[in-house]
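# Commentary on secondary and tertiary structure
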Amino acid sequence: MVGLFDSIKINSLEIKNRILMAPMATGLAGEQKGEVTDKLIKHYADRAEKTGIIITEHNYIEPVGRLHKGQMGIYSDSLTPGLKKLVKAVQDCGTPIGIQISHAGGVASSSLVGQPPVAPSSIPGGKETPRELTESQIEGLVEKFGQAAERALTAGFDLIEIHGAHGFLLNQFFSPITNKRKDNYGGSLKNRIRFPLQVAKRIREIVGNDFPLEYRLGSVDLTPGGITLEDSEVFAKELVWAGINSINVSGGLCGASPPSLSGEGFFIPQAEAIKKAGKAIVIGGGGITTPEFADKVIKEKRVDMVFIGRAFLKDPKWAANAAKKLKKE
Ligand SMILES: Cc1cc2nc3c(=O)[nH]c(=O)nc-3n(C[C@H](O)[C@H](O)[C@H](O)COP(=O)(O)O)c2cc1C
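Residues numbered from 1 in each chain as written. Predicted model: local features only at pLDDT ≥ 70, side-chain atom pairs only at ≥ 80, totals over all residues. Heavy atoms only, no water.

This part is about the side chain of Thr 51. As for its placement among the helices and strands, Thr 51 is situated in the loop between helix H1 (38–45) and strand E4 (53–60). With residues near it in sequence (within four places) discarded, Thr 51 still touches Lys 16, Asn 17, Ile 19, Met 21, Thr 95, Phe 312 and Ala 319. (Helix = DSSP H or I, 4+ residues; strand = E, 2+ residues; numbered from the N terminus. Contact = heavy atoms within 4.5 Å.)

Our focus in this paragraph is the packing of H1 against helix H2 (residues 80–91). Following both chains from N to C, one finds H1 and H2 inclined at 25°, their axes separated by 9 Å at the closest point. Taken together, the axes of H1 and H2 lie roughly parallel to each other. Our pair here, H1 against H2, has a crossing hand that is right-handed. Between H1 and H2, the residues in contact are Leu 40, Ile 41, Tyr 44 and Ala 45 and Lys 85, Leu 86, Ala 89 and Val 90, respectively. Classifying every residue of the contact of H1 with H2 by side-chain character gives seven nonpolar, no polar and one charged. (Axes fitted to C-alpha atoms, helices over the stretch in contact; angles between N-to-C directions. Parallel < 35°, antiparallel > 145°, perpendicular 65-115°, else oblique. Left-handed = near helix turned anticlockwise from the far one by under 90°. Nonpolar A, V, L, I, M, F, W, Y, C, P; charged D, E, K, R; others polar.)

What follows covers the layout of surface pockets. Estimates place the volume of the second largest pocket at around 210 Å³. Forming the walls of the second largest pocket are 17 residues, and the residues nearest its centre are Val 107, Gly 125, Gly 126, Gln 172 and Thr 178. Split by residue class, the lining of the second largest pocket holds eight nonpolar, eight polar and one charged. (1 Å grid on protein atoms, 1.4 Å probe; cavity = no way out; pocket = protein on both sides within 12 Å on 5 of 7 lines; lining within 4 Å. Points joined across faces, edges and corners; volume = space filled by probe spheres on them.)

This next bit is on H2. Given a rise of 1.5 Å per residue, 12 residues ought to cover 16 Å, and the 16 Å separating the end C-alpha atoms of H2 matches this to within 8%. Of all the residues in H2, the buried ones are Thr 80, Gly 82, Leu 83, Leu 86, Val 87, Ala 89 and Val 90. In this structure, the buried residues of H2 make contact with H1, E4, strand E5 (72–73), strand E6 (97–102) and helix H4 (135–155). (Expected span 1.5 Å × (residues − 1). Buried < 20%, exposed > 50% of the residue type's maximum accessible area, 1.4 Å probe, protein only.)

Given below as structure tokens:
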């Protein structure tokens, strides 16, 4: 029976076990420019021992898509040498590292980015009312995601995760709450997923057939009138068509940790549904603290991998300790 400490492949990448350290913003990148710092490198290297794969926190792909100070950036070639150092430090521990690339969209703030934020529709959602993106600006953003992917390749990352959750730009397009457009990018489900699929396809073109490409899916908005799991099942199939290999299932329009959710595995039911719907490797989790629970959901084939977030902040050696507990050293 396949358990937590059995290996798995995401496209061409062999991963030694099924523990994925979840993307989590640290605020440790450079305050002004989002460059990699020594503190940031230490944060990730400290958590690499026996971890299957680390996914970095969200990296903004253009300055107007920045969410907070100290956020990692991948919007300029000048940031690539720092990213390279981070990659090397984690890979030297025998652990692959993926990078999450993101755009905050309408929840960015002009006080930080120097201009009003952009979003699918000009409706208040974050701190201020954003500007509605034109079709040509959307096409430009597809290219900017592509350029970020090129930098990630140059830096040597083992995987790219596209951030499509937690109420940020790609989630804003998918959600009928934040997307009120009347053109090809709004209205029907097909139209609302058009931009995220264009991003996935463009990145696939750039990285080639073998490179592992992941999507962080906001599978449910947890808000009345928002994305349903049925929508996400359709979207998941399309994502695979667009070249996505693995789907990291999360949810909630309201940020990274919806306050209403508790207990171990709060997004496992959604992940299980996404796994049934398509052919991607599916990563599930939410609130997981014990290796026994993580091992169980893998053994029951509910998900292919687990993401572990806050438990890794509390215990940097979570994976190594899990191996001891489950006697898999
Ligand atoms: C401090 C913090 C920062 C986070 N930053 C991100 C992020 O940058 N990208 C992302 O997709 N999720 C982010 N998340 C969400 C986590 O990846 C994860 O989905 C969430 O914490 C639930 O999993 P857990 O209960 O194992 O922590 C963050 C969560 C926390 C606690």
